[in-house]
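Descriptive structure summary
So you can see what is in the structure, the chains are spelled out below.
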Amino acid sequence: MKVIVDQHKCVASGQCVLTAPEVFDQREEDGIVVLLTETPPDHLMDDTRQAAILCPAQAIWVAEQEKQEGEQ
Amino acid sequence: MKRIVIVGVSAAGLTAAETLRRRGWDGHLTLIGDEPHPPYDRPPLSKQILTGDWPAERAVLRSPQDLARLEADLHLGQPATALDVAGRRVHLGGGESIGFDGLIIATGVVPRRLPGSDLAGVHVLRTLDDALALRAALLTGPRVVVVGAGFLGTEVAAAARTMGLEVTVVEPEPVPVRRPFGERIGALVADLHRAHGTRLRCGIPARRLRSAGGRVTGVELGDGTALPADLVVLALGATPATGWLTGSGLRLADGVVCDACCRAAPGIYAAGDVASWPNPHFGTRIRLEHRMNATEQAIAAAGNLLGDATPFAPVPYFWTDQYDTKIQAYGVFPPDADLRVISGDPSNGRFTAAYGHQGVVVGVLGWNAPRELRTLRRLVVERARWTAVTDAGPCPPPTVDRWWQSTRPRTLGVHS
């Protein structure tokens with residue numbers, strides 16, 4: 001899984017941080033999304049997907065990647 | 001359940017469809033939308049689309065590939081015209097009818113208009129086509145009058161003013177956005193607009209439009225004065241798009257009347273702007289025209305259609321962007337709620353505030369304070385006692401008065 005955020009679309013709602021605080025944060029000054037990790041560990045995948053679904057600005061995408069051969 | 005029909009393909013309808021598929025439901029799915037466009041997002045329409053910061057394509061909610069992945073029959077540009085509850089069929093404008101086992105109603109709202117407003121130069125803003133038409137008209141450099149100072153009216157005014165136009169807002173209430181936010185926050189919003197050169201005529205209703213040769217020439221106010229205008233935007237609120245449900249047997253009263261699980265009738269659910277339901281968190285029946293609610297309620301309604309039977313009890317979240325100011329809020333805001341500033345300073349353009357009603361915190365608001373507001377959400381979730389807020393700091397309890405009429409310069413009056 002790879003997470004992509006669009007800071008220009010973000011409306012600083014913070015819903016992503018409420019949903020997946022290990023993956024997202026907000027800038028102090030304007031609340032715009034900050035991605036803490038592009039590739040969240042497996043146990044955070046559901047929360048991360050939920051954050052993408054709930055984002056009221058559609059500023060988060062989750063690209064589900066096929067595991068490369070040899071990758072853990 | 002083999003066939004589900006979703007009427008309305010904006011944020012709520014689209015989310016309902018995606019929820020059904022994500023939950024593994026693999027039956028026959030039909031989506032019906034009255035607009036010709038693929039699903040797009042509405043909040044940018046009164047902001048980035050209007051100012052031209054974004055091209056229209058940027059408001060599109062899903063790529064063609066993502067839409068195709070839904071494996072749904074997509075009927076665009078076809079309004080639903082009638083519902084046969086007993087026969088389990090939706091009738092479309094083109095004469096076709098589509099059968100269903102399960103139905104989700106997500107038809108949203110339609111803008112209110114003034115009588116006699118079918119004139120050149122008069123605009124409403126709900127759809128992408130509305131926004132593009134309004135933007136094209138704004139680019140001709142008109143004198144603009146916005147009738148109505150709710151979120152939509154104030155956002156349109158801010159966008160038009162940002163484009164350098166002469167803008168006047170007319171509002172019967174004494175301050176803008178009074179219904180969502182109350183008088184004191186409304187007065188701050190008024191100050192914000194004045195500081196950007198937008199004229200406000202609050203406390204006077206618009207009586208009628210003036211026109212010549214089928215084109216609007218101005219807005220006549222309740223006191224008889226007239227505001228000249230080349231372009232008038234009607235932002236008078238909206239009514240639930242339930243005309244097609246008249247005679248269906250579904251209960252309609254300010255929207256589709258649902259139970260706590262968003263259910264209007266067996267196998268029939270509603271979500272988004274069109275749905276009215278009792279919110280167990282606040283113990284009141286509500287209907288929300290908030291972007292966040294469209295998503296959350298669609299997820300809930302689709303899940304309940306699949307058998308969840310879970311009451312939908314969200315803490316509402318909504319926001320408005322005006323000029324460089326972002327106002328965000330959680331909760332509900334009864335008109336007689338008390339307001340107290342929690343942090344920051346309204347005169348500095350950055351603060352948070354809480355709303356108390358019947359002894360508990362029912363809402364929190366952030367003015368250019370997104371990160372801090374998020375941490376205050378728990379006050380609403382936990383129904384914190386109002387005394388916990390009022391006892392917390394040195395501020396005296398706010399008074400509910402007509403303080404906006406007091407002499408300038410304005411302060412919130414809670415930092416004495």
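None of these values were measured; they are calculated from a predicted model. (Residues numbered from 1 in each chain as written. Chains lettered and ligands numbered in written order. Predicted model: local features only at pLDDT ≥ 70, side-chain atom pairs only at ≥ 80, totals over all residues. Heavy atoms only, no water.)

Considering the overall build of chain A
Heads up, the condition is: Each helix is a run of DSSP H or I of at least 4 residues and each strand a run of E of at least 2, with the numbering of both proceeding from the N terminus. With C-alpha atoms as the basis for the radius of gyration, the globule rule is written as 2.2 Å multiplied by the number of residues raised to the power 0.38. Using a 1.4 Å probe on the protein chains alone, a residue whose accessible area is under 20% of its type maximum counts as buried, one over 50% counts as exposed, and one in between counts as partly exposed. Only heavy atoms matter for contacts: two residues are in contact if any of them lie within 4.5 Å across the pair.
Along the backbone of chain A there are two helices and four strands. Taken from the N to the C terminus, the helices and strands of chain A come in the order β-α-β-β-α-β. Computed over its C-alpha atoms, the radius of gyration of chain A comes to 12 Å, within 12% of the 11 Å expected for a compact globule of 72 residues. Dimensions along the principal axes, computed over C-alpha positions, put chain A at roughly 40 × 20 × 20 Å. Considering chain A as a whole, with its 72 residues, one finds that 47% of them fall into the buried category. Considering only contacts in chain A between residues 6 or more positions apart, those separated by 24 or more positions represent 55%.

Focus: the environment of Phe24(A)
Residues and elements named next belong to chain A. Note that Phe24 resides in strand β2 (residues 24–26). A sequence separation of 25 residues divides Phe24 from Arg49, and the C-alpha atoms of the two residues are 12 Å apart. Contacts of Phe24, omitting those with residues within four sequence positions, involve Val3, Val5, Cys16, Val17, Val33, Val34, Leu35, Leu36, Thr48, Ala51 and Ile60.

Thoughts on the pattern of salt bridges
Keep this limit in mind: By salt bridge we mean one thing: a side-chain nitrogen of Lys or Arg within 4 Å of a carboxyl oxygen of Asp or Glu.
Summed over all chains, the structure comprises 29 salt bridges over all chains. Of the charged contacts in the structure, one is a salt bridge between Arg291(B) and Asp41(B), with a shortest N-O distance of 2.5 Å. Of this pair, Arg291(B) sits in helix α8 (residues 291–305) while Asp41(B) sits in the loop between β2 (28–32) and α2 (48–51); the two residues are 250 residues apart in sequence, bridging distant segments of the chain. Across this residue pair, the class does not change: Arg291(B) and Asp41(B) are buried. For Glu220(B), the salt bridge goes to Arg207(B), with nearest N and O atoms at 3.0 Å. Taken together, the positions of Glu220(B) in strand β14 (residues 215–221) and Arg207(B) in strand β13 (residues 206–212) put the pair 13 residues apart, joining distant regions of the chain. With relative accessibility at 47%, the residue Arg207(B) sits in the partly exposed group. Shared partners join several salt bridges into a network, and the residues in it are Asp25(A), Glu28(A), Arg350(B) and Arg371(B).

What about the UniProt feature "domain: Reductase C-terminal" (unreviewed entry) in chain B?
Using the following cut-off: UniProt positions are given in the numbering used here, feature names are shortened, and annotations may be inferred rather than shown by experiment.
Per the UniProt record, "domain: Reductase C-terminal" (unreviewed entry) is annotated on residues 317–389 of chain B. Counting secondary structure, residues 317–389 of chain B comes out at 22% helix and 51% strand; the distance between its end C-alpha atoms is 20 Å.

Side note on the packing of aromatic side chains
Residue and element names in this part refer to chain B. The condition is simple: By convention, a stacked pair of Phe, Tyr or Trp rings (six-membered ring in the case of Trp) has centres within 6.5 Å and planes under 30 degrees apart, an edge-to-face pair has planes over 60 apart, and any other such pair is tilted. Charges are assigned to positions over rings by a cutoff of 6 Å between ring centre and Lys NZ or Arg CZ, combined with an angular limit of 35 degrees from the ring normal.
Evaluated as defined, the whole model comprises ten aromatic pairs over all chains. Taken together, the ring pairs in this structure connect Phe151, Phe181, Phe318, Phe333 and Tyr355 into an aromatic cluster. When the ring centre of Trp54 is taken as reference, the NZ or CZ atom of Arg58 above it lies at 4.7 Å.

Topic: the nonpolar core
Burial of nonpolar side chains together is a common tendency in soluble globular proteins. Stated precisely, the cut-off is as follows: By nonpolar core is meant a set of buried Ala, Val, Leu, Ile, Met, Phe, Trp, Tyr and Cys residues that side-chain atoms within 4.5 Å join together. Note: domain ranges come from an automatic or database domain assignment.
With 60 residues, the main nonpolar core has Phe24(A), Phe181(B), Ile185(B), Tyr355(B), Val361(B) and Val364(B) as its most contacted residues. For this core, the element with the most residues is strand β27 (residues 360–367) of chain B, which contributes five residues. There are two domains that each give this core at least three residues, and those are domain 2 (113–236) and domain 3 (324–411) of chain B. In contact with Phe181(B), other than residues within four places in its own chain, are Phe151(B), Phe318(B), Thr320(B), Ile327(B), Ala329(B), Tyr355(B) and Leu365(B). Counting 53 residues, the second-largest nonpolar core is a separate cluster that includes Ile32(B), Leu61(B), Ile105(B) and Tyr269(B).

So, the layout of surface pockets
A water-sized probe, rolled over the atoms, reveals where empty space remains. For clarity, the cut-off: Any residue with an atom within 4 Å of a point lines the site, the site being either a cavity, points on a 1 Å grid over the protein atoms alone where a 1.4 Å probe fits but cannot get out, or a pocket, an open set with protein on both sides within 12 Å along at least 5 of 7 lines. Grid points are joined across faces, edges and corners, and a volume is the space filled by probe spheres set on the points. Basically, the charged four are Asp, Glu, Lys and Arg, the nonpolar ten are Ala, Val, Leu, Ile, Met, Phe, Trp, Tyr, Cys and Pro, and anything else, Gly included, counts as polar.
In this model, the second largest pocket occupies a volume close to 780 Å³. Classifying every residue of the lining of the second largest pocket by side-chain character gives nine nonpolar, two polar and nine charged.

Overview of the interface of chain A and chain B
Interface size is often expressed as the accessible area that is lost when the parts come together. Stated precisely, the cut-off is as follows: As a working definition, buried area equals the accessible area (1.4 Å probe) given up by two parts on being put together, with both sides summed. Counted as a polar contact is a pair of N or O atoms within 3.5 Å, where, for protein atoms, one must be capable of donating a hydrogen and the other of accepting one, and residues adjacent in sequence contribute only when both atoms are in side chains.
Each partner contributes to the interface: chain A provides 22 residues, whereas chain B provides 22 residues. Both faces combined, the contact of chain A with chain B buries some 1,900 Å², and carbon together with sulfur accounts for 50% of it. Looking at the side of chain A facing chain B, the largest losses of area belong to Ile53(A), Pro56(A) and Gln58(A), adding up to 26% of the total buried there. Among the salt bridges present, the one from Asp6(A) reaches Arg58(B), with a minimum N-O distance of 2.7 Å. There are 13 residue pairs in polar contact (both at pLDDT 80 or more) connecting chain A and chain B.

Describing helix α9 (residues 370–381) of chain B
Residues and elements named next belong to chain B. The line we're drawing: Working rule for helices: expected span equals 1.5 Å times residues minus one.
An ideal rise of 1.5 Å per residue puts 16 Å on twelve residues; α9 measures up with 17 Å between its terminal C-alpha atoms. Along α9, the residues that are buried comprise Pro370, Leu373, Arg374, Leu376, Leu379 and Val380. One or two steps after α9, the chain reaches Arg383, where phi turns positive at roughly 45 degrees.

Notes on the sheet that holds strand β4 (residues 80–84) of chain B
Two modes of strand pairing occur in sheets, parallel and antiparallel, and in both the strands are linked by backbone hydrogen bonds. Residues and elements named next belong to chain B. Quick reminder of the rule: One requirement defines pairing of two strands: DSSP has to find at least two bridges between them. A fitted line through C-alpha atoms represents every axis, and for helices the fit uses only the stretch in contact; the resulting angles, taken between N-to-C directions, go from 0 to 180 degrees.
The three strands lie next to each other as β4-β5-β6, forming an open sheet whose pairing is antiparallel. Each of the sheet's edge strands pairs with one partner strand only, and the pair in question is β4 and β6 (97–99). Going across the sheet, the axis of each strand differs from the next one's by a mean of 20 degrees, ignoring polarity. One ladder, built from four bridges, connects β4 with strand β5 (residues 89–92); its direction is antiparallel. Bridge pairing links Ala82 to His91 in β5.

Section: empty space enclosed by the protein
Here the structure, examined in full by the defined rule, presents three cavities of 30 Å³ or more. There is about 120 Å³ of room inside the largest cavity. Lining the largest cavity are 17 residues, with Lys9(A), Ala57(A), Asp41(B), Pro44(B) and Trp54(B) sitting closest to its centre. Tallied by class, residues from the lining of the largest cavity come to ten nonpolar, two polar and five charged. Put simply, the second largest cavity is a space of about 80 Å³.

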